Amino acid sequence: MERFVEDYQKRRLTEPVDIMTAINILMSQGYDEDDLLGEITKVFYVDLDAFNDVISHH
């Protein structure tokens, strides 16, 4: 995901459905589970507790 966004432009991902959507998009682009958090935080502010909950059920 070659998108770099200024911090003030980042959207917050706090809802599990939004986090899951972002994860699915990244995985469809070939990213491994180990790379997801690093890639997703380049574009969004992510609720880490919600991210961990989603990834543990994925």
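How each quantity is defined
- Residues numbered from 1 in each chain as written.
- Predicted model: local features only at pLDDT ≥ 70, side-chain atom pairs only at ≥ 80, totals over all residues.
- Heavy atoms only, no water.
- Core = buried A, V, L, I, M, F, W, Y, C linked by side-chain atoms within 4.5 Å.
- Buried < 20%, exposed > 50% of the residue type's maximum accessible area, 1.4 Å probe, protein only.
- Helix = DSSP H or I, 4+ residues; strand = E, 2+ residues; numbered from the N terminus.
- Salt bridge = Lys/Arg side-chain N within 4 Å of Asp/Glu carboxyl O.
- Expected span 1.5 Å × (residues − 1).
- Arc of directions from axis to C-beta.
- Contact = heavy atoms within 4.5 Å.
- pLDDT = per-residue confidence, 0-100.
- Polar contact = N/O pair within 3.5 Å; in protein donor to acceptor, adjacent residues only side chain to side chain.

**As for the nonpolar core**
Ranked by size, the top nonpolar core spans 15 residues in total, and within it Ile19, Ile23, Leu36, Ile40, Phe44 and Phe51 carry the most contacts. Elements that contribute at least two residues to this core include exactly helix H1 (16–28), helix H2 (36–43), strand E2 (44–46) and helix H3 (48–57).

**Topic: the pattern of salt bridges**
By the definition in use, this model includes 2 salt bridges. Across the pair Asp18 and Arg11 runs a salt bridge whose closest N-O atoms are separated by 3.5 Å. Residue Arg11 is classed as partly exposed on the basis of its relative accessible area, which comes to 47%. Put simply, Lys42 and Glu39 hold a salt bridge, and the shortest N to O gap is 3.0 Å.

**Brief notes about H1**
Between the first and last C-alpha of H1 there are 18 Å, a value that for 13 residues agrees with the 18 Å anticipated at 1.5 Å per step. When we look at burial in H1, the residues that qualify are Ile19, Ala22, Ile23 and Leu26. Buried positions in H1, seen along its axis, are confined to an arc of 100 degrees and lie on one side of it. Exposed positions of H1 whose direction lies more than 90 degrees from the buried face are Val17 and Ser28. Where H1 is buried, its residues touch strand E1 (11–13), H2, E2 and H3. Directly beyond the C-terminal end of H1, a positive phi value near 100 degrees is found at Gly30.

**A look at the confidence of the model for the protein chain**
For the protein chain, the average pLDDT comes to 90, and 90% of its residues sit at 70 or higher. Here E1 stands out as the least confident element of the protein chain, with mean pLDDT 93; H1 is the most confident, with 96.

**Concerning the side chain of Lys10**
The residue Lys10 is located in the segment before E1 in this model. A polar contact is formed between the side chain of Lys10 and the backbone oxygen of Thr41, at a distance of 2.8 Å.

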